[in-house]
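Examining the three-dimensional arrangement
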Amino acid sequence: MVELDRFKLYARVDYADDDPLILSMIAAADNAVRDMTGKLPPGETDELFDMAVLQLSAHWYENRTPVADGGVHEVPFTIQVLLSHIALSSRYPEKEDVDGAAQ
């Protein structure tokens, strides 16, 4: 899981006021990457998987409302590429559902 300090360095956040919100977004982004790709990180840490989580959580943090000035904040292409790569790569183990069967 991406650590708070790493997120804050990546997103250039230098105050603690939003720490609970950021931690929630990191956890949600980690779950979203797993759900959207159907994959798990291959080990304790994986830079590519972590980068997808960092970028997705930073995108959510920077765009906390779904619409601003009439425009929708879509997920950036770079995040979509990371998710596609993880989903298609055999290096990442399949996520298992609650029953233990591969999705």
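Note: the structure precedes this text.
Read on for a plain summary of the structure.

Here is what the cut-offs are and how they apply
- Residues numbered from 1 in each chain as written.
- Predicted model: local features only at pLDDT ≥ 70, side-chain atom pairs only at ≥ 80, totals over all residues.
- Heavy atoms only, no water.
- Helix = DSSP H or I, 4+ residues; strand = E, 2+ residues; numbered from the N terminus.
- Buried < 20%, exposed > 50% of the residue type's maximum accessible area, 1.4 Å probe, protein only.
- Contact = heavy atoms within 4.5 Å.
- Areas by Shrake-Rupley, 256 points an atom, 1.4 Å probe, with all protein chains shown as cover.
- Axes fitted to C-alpha atoms, helices over the stretch in contact; angles between N-to-C directions.
- Left-handed = near helix turned anticlockwise from the far one by under 90°.
- Nonpolar A, V, L, I, M, F, W, Y, C, P; charged D, E, K, R; others polar.
- Salt bridge = Lys/Arg side-chain N within 4 Å of Asp/Glu carboxyl O.
- Phe/Tyr/Trp six-rings, centres within 6.5 Å; stacked < 30°, edge-to-face > 60°.
- Lys NZ or Arg CZ within 6 Å of the ring centre and 35° of its normal.

This brings us to the overall build of the chain. If you tally the helices and strands in the chain, you get 4 helices and 2 strands. Ordering the α and β elements of the chain from the N terminus gives α-α-α-β-β-α. Burial status across the chain gives 37% buried among its 103 residues. Across the chain, contacts joining residues at least 24 apart in sequence account for 64% of those joining residues at least 6 apart. For the chain, the accessible surface area stands at approximately 6,400 Å², while carbon and sulfur atoms represent 54% of it.

This part covers the packing of helix α3 (residues 47–62) against helix α4 (residues 77–88). One can describe the packing of α3 onto α4 by two numbers: an axis separation of 10 Å at closest approach and a directional angle of 145 degrees. Helix-helix and strand crossings are classified by hand; for α3 and α4 the assignment is left-handed. Side by side, α3 and α4 meet where Leu48, Phe49, Met51, Ala52, Gln55, Leu56 and His59 of the first sit next to Thr78, Ile79, Leu82, His85 and Ile86 of the second. In the contact of α3 with α4, the residues fall into 8 nonpolar, 4 polar and no charged.

Tallied over the full model, the rule gives 8 salt bridges. Residues Glu94 and Lys39 are paired through a salt bridge, measuring 3.5 Å at the closest nitrogen-oxygen approach. Highlighted residues: Glu94 in the segment after α4 and Lys39 in the loop between α2 (19–37) and α3, separated in sequence by 55 residues. Taking relative accessible area as the criterion, Lys39 reaches 4% and is therefore assigned buried.

Moving on to unusual backbone geometry. In the Ramachandran plot, Arg12 falls in the positive-phi region, its phi being about 60 degrees despite a non-glycine side chain. Positionally, Arg12 belongs in the loop between α1 (4–11) and α2. Since its relative accessible area comes to 77%, Arg12 is described here as exposed.

The full count for this structure, using the stated rule, is 2 aromatic pairs. Ring geometry for Phe7 versus Tyr61: centroids 5.9 Å apart, planes at 85 degrees, classification edge-to-face. Of the two residues, Phe7 is situated in helix α1 and Tyr61 in helix α3; the sequence distance between them amounts to 54 residues. A relative accessible area of 5% means that Tyr61 is categorised as buried. Cation over ring: Arg64 sits above Tyr61, and NZ or CZ is 4.1 Å from the ring centre.

Take it as geometry only, folks, not as evidence of what the structure does.
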